[in-house]
Amino acid sequence: MVQVSELIDNICAGLQDDVDHETLQKVRNRLFITLSDFDWAKKETAIVLLNQQEETQALKKFFAVKKLEGLANSSLAYYHQVLKKFREITNKNLLEIMTDDVRWYLAIKSEMVTNVTLNNERRVLNSFYSFLMEEELISRNPIAKIKNIKEKKTIKEALNEEELEKLRAACTNKRDKAILELLYSTGCRVSEVSNITIKDINLGRKEIKVLGKGNKERIVFINTKCKILLEEYFGERGAGENEPAFVSLKKKNGQFQKLSKGAIECWLRKLGENIGIEKVHPHKLRRTMATNALNKGMPISELQILLGHSSIQTTTIYAKADTQEIRRSHEKYV
C-alpha cells in the first residue's frame, strides 16, 4: 500500500494551500477508506505471512508481560478490546500488519470516535507492536510513522465552592457523606477508593494507604471533616478491619457487598443530577481537590505525589488558573 500513501500525499499536498487542516484531514481519511478497495498491497510485501497459531501465541505473551508489569485489569480489558476490533476491521493477521493498514483503520475509526479515543487506540497499538519488535517477532513497527492525532483542547471545569457544598448537603446517609468527603480530600481515583479496606485507614494520623496504578502503594491524607464522617460511618456499621471501607446499604445473601468502581460512579452521577449539577463524577472531585490545592499554594511536585502521577507533566493539567482567578487578576492589574 505504499503507492496508496504516495498518491494520497500528493493529492493532499496540492490541496493544503486551499483548505484548512481539519478539512484536509477529512479528505485524507476518506481517500484511505475509498482507495483501500483496490488491491494495491499485493504488489509488494516484505513481511513473512505467519499463521494463526503464531498470532495467538504473540497475543498471549504480550498480555502475560503486561499483567506482570502491573497493568490494571481494566486496562488489560481495554487493550483486548482495541486489538480485537483492530483485527476485525483490518481482517489481517496482526503479525502481517503494515503502516498503511493502521492508517486505513484510524481513518475508518475517525468517523466513529473522537480524536482523543483515536490517540488512545494508537497508544495501545504502539505498545503491542513495540513489544513485538523487542521480542523480534516482527522486523519493523508499523505504528512508528503514525504521529499523534491533533486533539481539540477543552477546558475541564472543577466544582466551585457552592457546587461542592450542595453535593455535601444532598448526601442522605453517613456512608455517602464519607465517600464524597474522602474523594475530595484525598483526590483519589475511584478505583482506589473502591479497593480501600478499613485496615488501610489510620484515623489517628488522618492517612490512608491506597493501591494506585501499576500496583504502586502510596499514602494519602484526609481532612478533619472526612475523619469525623468516617468515624461516624464505621461506628454505625460496626465493621471488621479486613472488610471493604465502603459497602452497599442493604445486604445481599446476608452480607454487605463492596461498592464497585461503577457503583460509586453511578451514585455520584445521580447525586449531581438530583440537585441540577451535570456531569458529576469522581474524577471531577479529584480535579477540584488538585485545582484548589494549587490555587492555595501547594507545590506541584507535592501534588504529583498525592495524586499518584508517575510524570509531573500529567499534574500540570491542573495547574491552569481558572477563569475567576484570571478575572480577579485582570480587575486588580488592568
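For clarity, every value in this text was computed on a predicted model and none was experimentally measured.

**Q** Would you mind going over the overall build of the chain in detail, with residue names and values included?
**A** Each helix and strand counted, the chain has 15 helices and five strands in total. Out of the 334 residues in the chain, the part that is buried amounts to 38%. Across the chain, the fraction of contacts at a sequence separation of at least 24, relative to all contacts at a separation of at least 6, is 61%. Accessible surface computed for the chain: about 20,200 Å², of which carbon and sulfur atoms make up 51%.

**Q** Give a detailed account of helix H4 (residues 73–90), specifying residues and quantitative values.
**A** Compared with the 26 Å implied by 1.5 Å per residue over 18 residues, the 26 Å span of H4 between its first and last C-alpha is a close match. Remark: Asn 91 follows H4 within two positions and exhibits a positive phi of approximately 55°.

**Q** A description of the packing of aromatic side chains should follow, citing residues and the corresponding values.
**A** Inspection of every chain in the model, using the stated rule, returns eight aromatic pairs. In textbook terms, an aromatic cluster arises when at least three aromatic residues are bridged by ring pairs, as seen for Phe 62, Phe 63, Tyr 79, Phe 128, Tyr 129 and Phe 131.

**Q** So what about the environment of Leu 76? Which residues, and what values?
**A** Relative to the assigned elements, Leu 76 resides in helix H4. What makes Leu 76 buried here is its relative accessible area of 9%. Counting along the chain gives ten residues from Leu 76 to Lys 66, while the straight-line C-alpha distance between them is 7.7 Å. When sequence neighbours within four positions are dropped, the list of residues in contact with Leu 76 reads Phe 63, Lys 66, Lys 67 and Leu 71.

**Q** Can you lay out the side chain of Arg 287 for me, pointing to particular residues and giving the numbers?
**A** Considering the arrangement of structural elements, one finds Arg 287 in helix H12 (residues 282–295). One buried charge, Arg 287, has no salt-bridge partner; the nearest side chain with opposite charge is Glu 157, at 8.0 Å. Residues contacting Arg 287, with those up to four places away along its chain left out, are Lys 156, Glu 157, Ala 158, His 281 and Tyr 318.

**Q** Let's hear about the packing of helix H3 (residues 52–68) against H4: which residues, and what values?
**A** Put simply, H3 and H4 touch, their axes get as near as 11 Å, and they point 160° apart. Judged by the angle between their axes, H3 and H4 are roughly antiparallel. The hand of the H3/H4 crossing is right-handed. Of the residues in H4, those touching H3 at Gln 52, Glu 55, Leu 59, Phe 62, Phe 63, Lys 66 and Lys 67 are Leu 76, Tyr 79, His 80, Leu 83 and Arg 87. Its residues assigned to classes, the contact of H3 with H4 shows six nonpolar, two polar and four charged.

**Q** Residue-level account of H12, with values.
**A** The end-to-end C-alpha separation of H12 is 20 Å, in line with the 20 Å expected for 14 residues at 1.5 Å each. With eleven of 14 residues buried, H12 is to be regarded as a mostly interior element. What H12 keeps buried is the set Pro 282, Lys 284, Leu 285, Arg 286, Arg 287, Thr 288, Met 289, Ala 290, Thr 291, Ala 293 and Leu 294. Buried residues belonging to H12 abut helix H7 (161–170), helix H8 (174–186), helix H9 (190–194), strand E3 (217–221), helix H11 (261–274) and helix H13 (300–307). Positive phi shows up at Gly 297, right after H12, with a value of about 105°.

**Q** Please set out the pairing of strand E5 (residues 255–258) residue by residue, giving values where relevant.
**A** As judged from the three bridges shared by strand E4 (residues 247–252) and E5, these two strands associate in the antiparallel manner. Within the sheet, the bridge partner assigned to Lys 252 lies in E5 and is Gln 255. In this antiparallel pair of consecutive strands, E4 and E5, the connection spans two residues, and Asn 253 shows a positive phi of 55°.

**Q** Break down the environment of Lys 85 for me, citing the residues and quoting the values.
**A** Mapped onto the elements of the fold, Lys 85 is located in helix H4. In this structure, the C-alpha to C-alpha distance between Lys 85 and Tyr 105, residues 20 residues apart in sequence, is 9.7 Å. Look past the residues within four positions of Lys 85 in its chain and what remains in contact with it is Tyr 105 and Lys 109.

**Q** Got a sec to walk through the side chain of Gln 304? Specific residues and values, please.
**A** Along the chain, Gln 304 turns up in helix H13. On the accessibility criterion, Gln 304 (16% relative accessible area) is buried. With sequence-adjacent residues up to four places away left out, Gln 304 is seen in contact with His 309, Ser 310, Ser 311, Ile 312 and Thr 315.

**Q** How would you explain the pattern of salt bridges if you had to name every residue and give the values?
**A** By the definition in use, this model includes 17 salt bridges. With a closest N to O distance of 2.9 Å, Glu 181 and Arg 168 form a salt bridge. With a gap of 13 residues between them, Glu 181 in helix H8 and Arg 168 in helix H7 connect regions that are remote in the sequence. The residue Lys 174 makes a salt bridge to Glu 236 at a minimum N-O spacing of 3.8 Å. Of this pair, Lys 174 sits in helix H8 while Glu 236 sits in helix H10 (residues 224–237), and the two are 62 residues apart along the sequence. We classify Lys 174 as partly exposed; its relative accessible area is 31%. Residue classification places Glu 236 among the exposed positions, given a relative accessible area of 57%. One connected set of salt bridges, linked through shared partners, spans Glu 165, Arg 168 and Glu 181.

Reading the values: the criteria
- Residues numbered from 1 in each chain as written.
- Predicted model: local features only at pLDDT ≥ 70, side-chain atom pairs only at ≥ 80, totals over all residues.
- Heavy atoms only, no water.
- Helix = DSSP H or I, 4+ residues; strand = E, 2+ residues; numbered from the N terminus.
- Buried < 20%, exposed > 50% of the residue type's maximum accessible area, 1.4 Å probe, protein only.
- Contact = heavy atoms within 4.5 Å.
- Areas by Shrake-Rupley, 256 points an atom, 1.4 Å probe, with all protein chains shown as cover.
- Expected span 1.5 Å × (residues − 1).
- Phe/Tyr/Trp six-rings, centres within 6.5 Å; stacked < 30°, edge-to-face > 60°.
- Lys, Arg positive; Asp, Glu negative; His and termini not counted.
- Salt bridge = Lys/Arg side-chain N within 4 Å of Asp/Glu carboxyl O.
- Axes fitted to C-alpha atoms, helices over the stretch in contact; angles between N-to-C directions.
- Parallel < 35°, antiparallel > 145°, perpendicular 65-115°, else oblique.
- Left-handed = near helix turned anticlockwise from the far one by under 90°.
- Nonpolar A, V, L, I, M, F, W, Y, C, P; charged D, E, K, R; others polar.
- Pairing = 2+ DSSP bridges.

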